[in-house]
Structures are given as C-alpha cells and as structure tokens.
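Structural overview
What follows is each chain in one-letter form.
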Amino acid sequence: MSASQTFDVPTLLVKIFGKDRPGITAGLFDTLAAYSVDVVDIEQVVTRGRITLCALVTQPATGLEGDLRATVHSWAESMKMQAEIISGLGDNRPRGLGRSLVTVLGHPLTAGSTAAIAARITRAGGNIDRIFRLAKYPVTAVEFAVSGVETEPLRTALVTDAAALGVDVAVVAAGLHRRAQRLVVMDVDSTLIQDEVIELFAAHAGCEDKVAEVTAAAMRGELDFEQSLHARVALLAGLDASVVDKVRTEVRLTPGARTLIRTLKRLGYQVGVVSGGFTQVTDDLKERLGLDFAQANTLEIVDGKLTGRVTGEIVDRAGKARLLRRFAAEAGVPLVQTVAIGDGANDLDMLNAAGLGVAFNAKPVVREAAHTAVNVPFLDTVLYLLGVTREEVEAADMHDED
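Reading guide: rules and limits
- Residues numbered from 1 in each chain as written.
- Predicted model: local features only at pLDDT ≥ 70, side-chain atom pairs only at ≥ 80, totals over all residues.
- Heavy atoms only, no water.
- UniProt positions renumbered as here; feature names shortened; annotations may be inferred.
- Buried < 20%, exposed > 50% of the residue type's maximum accessible area, 1.4 Å probe, protein only.
- Helix = DSSP H or I, 4+ residues; strand = E, 2+ residues; numbered from the N terminus.
- Arc of directions from axis to C-beta.
- Phe/Tyr/Trp six-rings, centres within 6.5 Å; stacked < 30°, edge-to-face > 60°.
- Pairing = 2+ DSSP bridges.
- Axes fitted to C-alpha atoms, helices over the stretch in contact; angles between N-to-C directions.
- Contact = heavy atoms within 4.5 Å.
- Parallel < 35°, antiparallel > 145°, perpendicular 65-115°, else oblique.
- Left-handed = near helix turned anticlockwise from the far one by under 90°.
- Nonpolar A, V, L, I, M, F, W, Y, C, P; charged D, E, K, R; others polar.
- Salt bridge = Lys/Arg side-chain N within 4 Å of Asp/Glu carboxyl O.
- Patch = residues over 30% accessible without salt bridge, like charges linked within 9 Å, V, L, I, M, F, W, Y side chains within 5 Å.
- Areas by Shrake-Rupley, 256 points an atom, 1.4 Å probe, with all protein chains shown as cover.
- Lys, Arg positive; Asp, Glu negative; His and termini not counted.
- Charge placed at Lys NZ, Arg CZ, Asp CG, Glu CD.

By the naming in an unreviewed UniProt entry, the protein chain goes by Phosphoserine phosphatase and is assigned to Streptomyces dysideae. Database annotation for the protein chain, UniProt heading Pathway (unreviewed entry): "Amino-acid biosynthesis; L-serine biosynthesis; L-serine from 3-phospho-D-glycerate: step 3/3." Its UniProt record gives the protein chain the following Cofactor (unreviewed entry) comment, quoted word for word: "Mg(2+)".

**A few points about helix H8 (residues 225–234)**
In an α-helix, one turn spans 3.6 residues; hence positions three or four apart end up facing the same way. Residues of H8 that are buried include every one of Ser228, Leu229, Arg232 and Val233, and no others. In an axial view of H8, the angular spread of the buried residues amounts to 125°, which keeps them on one side of the axis.

**Some remarks on the packing of aromatic side chains**
Using the criterion set out here, one finds two aromatic pairs in the structure. Judged by centre distance (5.9 Å) and plane angle (85°), the ring pair of Phe201 and Phe278 falls under edge-to-face. Here the residue Phe201 occupies a position in helix H6 (residues 197–205), and Phe278 occupies one in strand E10 (residues 270–278), the gap between them amounting to 77 residues. What makes Phe278 buried here is its relative accessible area of 2%.

**Some details on the sheet that holds E10**
Pairing is mixed in the open sheet, where seven strands are placed in the order E12-E11-E10-E9-E13-E14-E15. Each edge of the sheet is formed by a strand with only one pairing partner; in this case those strands are strand E12 (305–311) and strand E15 (372–374). For this sheet, the mean inter-axis angle between neighbouring strands, taken without regard to orientation, is 25°. Here strand E13 (residues 338–342) runs beside strand E14 (residues 356–360); their pairing, made up of four bridges, is parallel. Paired with Ala340 across the bridge in E14 is Gly357.

**A closer look at the sheet that holds strand E3 (residues 50–58)**
With antiparallel pairing, the four strands of this open sheet are ordered in space as E2-E3-E1-E4. The two strands at the open ends of the sheet, each matched to only one other strand, are strand E2 (39–47) and strand E4 (82–89). Each strand axis lies, on average, 10° off the axis of its neighbour in the sheet, ignoring direction. Each of strand E1 (10–19), E2 and E3 touches helix H1 (residues 24–33); the most contacted strand, E3, lies at about 25° to it.

**Overview of the environment of Trp75**
Note on placement: Trp75 falls in helix H2 (residues 65–78). Counting along the chain gives 47 residues from Trp75 to Leu28, while the straight-line C-alpha distance between them is 7.8 Å. Excluding residues within four positions of it along the chain, Trp75 makes contact with Ile16, Ile24, Gly27, Leu28 and Thr31.

**So, the packing of H1 against H2**
One way to put it is that H1 packs onto H2 with a least axis distance of 10 Å and a crossing angle of 155°. Classified by the angle between their axes, H1 and H2 sit roughly antiparallel to one another. By crossing handedness, the relation of H1 to H2 is classed as right-handed. Between H1 and H2, the residues in contact are Ile24, Gly27, Leu28, Thr31 and Leu32 and Leu68, Thr71, Val72 and Trp75, respectively. In the contact of H1 with H2, the residues fall into six nonpolar, three polar and no charged.

**So, the pattern of salt bridges**
Overall, the coordinates contain 20 salt bridges when judged by the stated rule. With a shortest N-O distance of 3.0 Å, Arg69 and Glu65 are connected by a salt bridge. Of this pair, Arg69 and Glu65 both sit in helix H2, four residues apart, roughly one helical turn. Looking at Arg69, the relative accessible area reads 23%, which means it is partly exposed. Arg248 is paired through a salt bridge with Asp245; the nearest N and O atoms lie 3.5 Å apart. Here Arg248 and its partner Asp245 are both found in helix H9 (residues 243–250), three residues apart, which amounts to about one turn of the helix. Residue classification places Asp245 among the partly exposed positions, given a relative accessible area of 49%. When salt bridges that share partners are traced, they join Asp187, Lys320 and Asp347 into one network.

**Things to note about a negative patch on the surface**
Taken together, the side chains of Glu199, Glu208, Asp209 and Glu213 make up a negatively charged region of the molecular surface. Looking at which element gives the most residues to the negative patch, the answer is helix H7 (residues 208–219), with three residues. Locating Glu213 in the fold gives a position in helix H7.

**Remarks on helix H11 (residues 279–289)**
The set of residues buried in H11 consists of Thr279, Gln280, Val281, Thr282, Asp284, Leu285 and Leu289. Buried-residue contacts for H11 involve H6, H9, helix H10 (257–266), E10 and strand E11 (293–302). Gly290 sits one or two positions beyond H11 and adopts a positive phi of about 70°.

Following this line, the structure appears as structure tokens:
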C-alpha cells in the first residue's frame with residue numbers, strides 16, 4: 001500500500017531520541033525494512049547534540065506488530081537510545097486554510113517572548129505546524145509555519161505585540177511566491193549606510209547646525225521633503241567639488257550590508273537603491289557593491305563648485321515608490337515579488353507598494369505602517385525574513401573562498 005493511501009488505515013508513530021551520532025536514521029529504517037512497512041512521514045531534529053527522530057509508517061502485516069515493537073526497542077537500547085511507538089490512524093490531519101510563515105528575531109530571544117508569540121498565534125486562531133531555527137547569531141531567528149488563520153489578521157495581531165515583547169516579527173504568506181521575490185530596493189541614508197549624506201557634505205561646508213535646523217523643521221512638518229532638500233542644498237553653495245571624493249570615503253556601510261547584497265546576488269535577486277541623497281554618492285555605491293539600480297538627486301556642479309541646487313527628477317517620498325515600480329518593470333518582476341527596506345517617513349510609499357516592506361531601525365510611525373520591522377543593527381538579518389539561514393550564507397561564503 002502506498003503512502004498516499006494511508007489516510008484512513010492503521011499507522012505507527014515511531015519516535016527515537018537520545019545522543020546523536022552517525023547511522024541512527026539508517027539503522028532505524030533498516031530495522032523497519034524487515035517488516036515491509038511504507039514510510040508516510042519523517043521528521044528529524046538535532047538540538048545540542050540530542051536527536052529526535054520521528055517516523056510515521058504503515059502498520060506491518062497481521063501478527064507482526066508486536067515483533068516490530070520488540071525489535072525497534074531492542075535496536076534502540078543497543079544504540080543507547082530511547083524508543084516510543086504509538087498506534088494510530090492515518091496521516092497528520094490536513095493543515096487549516098490560511099498558511100503563513102512567522103519569522104521572529106530576538107537579541108536575545110527569551111522564553112517569555114516566545115511564549116507570548118505562540119499564545120498570540122493561538123488566540124488569533126492559528127496552529128503552529130513546525131518551528132525551525134534560521135540563525136543563532138548575531139540574532140536568534142526562528143520561523144513558525146502557521147495554518148488556520150489568514151496572513152493579514154495574523155500579521156496585525158503579532159506586529160502589535162512585537163515591540164512590547166522586545167522582538168521583531170515578520171509575517172508573510174507561505175507559498176511559492178516567497179521564493180520568487182527577485183528585486184530588493186533599499187533606502188540609502190541610515191539604511192544601507194550609517195550616515196546622512198547631506199550632513200557629511202554640511203560638515204565640510206561648516207554648516208552642520210543650519211542643516212540640522214532645516215531637517216528638524218521638516219521633521220515637525222513645517223517643510224515638505226522637496227522644500228527641505230532645496231533649503232539644505234542651498235547651504236552647500238560654493239563648496240569645492242573635490243569634497244565629493246572625501247564624502248565618498250567617509251560613508252560607512254551598515255553592518256551586514258555587504259553580506260546582504262552578496263547573498264541576494266547569489267540567489268539571483270536584483271538589488272537597487274533609491275535615495276533622497278545624491279547620485280555623487282549612490283553611483284559610487286552602485287559600482288562598489290555591484291548594484292543593479294540606483295537613483296537619487298543630483299547636486300549641480302559648475303566650474304568645479306557646488307551651486308547649491310539640484311538637477312533633474314526629485315527623489316522624494318512619492319518618487320521612491322515610483323522608482324520601485326520602474327525598477328520592477330525593468331527587472332521583469334511583479335510588484336508583489338519585491339522587497340523594500342527603509343527607515344524614514346519618506347520611505348513609506350515605497351514600503352507599502354512593495355510585496356514586503358521592511359522598516360529598518362525606523363521611526364515609530366514607519367514601524368507601525370510597514371509590513372514588518374527589524375530593530376537590530378545588522379542589515380543582513382533581512383535575509384532571515386526571506387527564509388535564508390545563517391548556515392546557508394556562511395556555506396556560500398566558504399565555497400567562494402575555496
């Protein structure tokens with residue numbers, strides 16, 4: 001009888017647990033093979049050197065179940081393992097409608113926050129079908145496969161609690177589309193890099209305080225982005241163009257930025273940046289990091305001096321969303337299969353337009369509006385939201401070194 005026909009027939013759940021060592025899985029199934037049973041399901045996990053191996057198999061021929069049980073227990077004892085065999089009917093029950101993947105990031109991930117997340121999933125009507133660790137450093141990342149509740153209400157329920165629990169939670173619909181996300185677009189200032197580029201230029205012009213005043217006015221809503229951009233750039237008038245090279249050397253990448261981009265490119269993703277900053281910096285980043293797309297404002301330079309004006313299309317809040325759509329069209333990627341990452345209010349339209357919007361160390365208003373938030377200082381943690389494990393990243397790096 002094939003495994004596909006076992007939903008209403010007697011089955012045995014064989015559970016083996018103890019100290020892990022090579023040959024356990026082969027040994028168990030070699031023992032079971034003597035009874036001509038079919039394998040319906042297998043689950044194995046190793047935690048701190050202890051293995052738990054579960055095998056769901058069809059019931060052996062009449063009169064042989066007792067002998068099978070005795071033989072499995074004898075084999076387990078010879079391996080210094082413990083065995084448990086439970087009779088039942090059929091396979092696992094079908095998973096409920098509405099399937100999501102819940103990624104939880106903690107630094108650290110406490111038992112209390114894990115309990116609260118699990119309880120909240122239950123209260124939302126979900127069932128946890130499987131849990132898998134994606135990373136143990138620089139943060140602990142685990143993924144819950146959840147069924148029985150639609151993705152949007154589950155996301156609303158969990159993200160509301162996440163900040164209070166001191167964890168980051170991402171909820172995405174399970175399915176093939178998650179593996180198909182093929183375009184990632186990032187903000188630059190305070191996302192891809194640790195700096196605000198306008199402030200780096202202002203430091204060379206000796207007008208940091210004035211630029212900060214304009215920025216504060218914009219934050220208070222007294223100026224929109226375009227007004228504040230023009231006001232701040234005007235303060236740079238007369239600055240020698242040679243300062244561009246100096247600013248480029250001062251730019252500090254966010255920890256994990258290179259790892260994120262390198263891994264995404266290996267996976268076949270296209271990667272771009274959009275910035276309210278300046279092409280004089282983003283074009284350099286595009287070349288250095290091997291980015292596919294880059295768009296920002298352009299400082300006007302005449303006779304070797306900054307004029308205090310910008311030229312060309314203004315990249316503001318609406319412009320970032322527009323550029324995400326443009327990049328997606330050029331890449332041949334549906335918008336639902338895009339990921340956007342940013343930290344500020346001017347990133348909100350882009351984050352909401354993307355299939356997955358990630359608020360990275362963002363202001364509260366951005367965290368609340370985005371699909372998910374990451375509040376640790378490592379940009380490569382975004383990989384975990386895409387289901388990429390730390391081990392896979394490190395293995396790929398080692399392979400390249402070879």
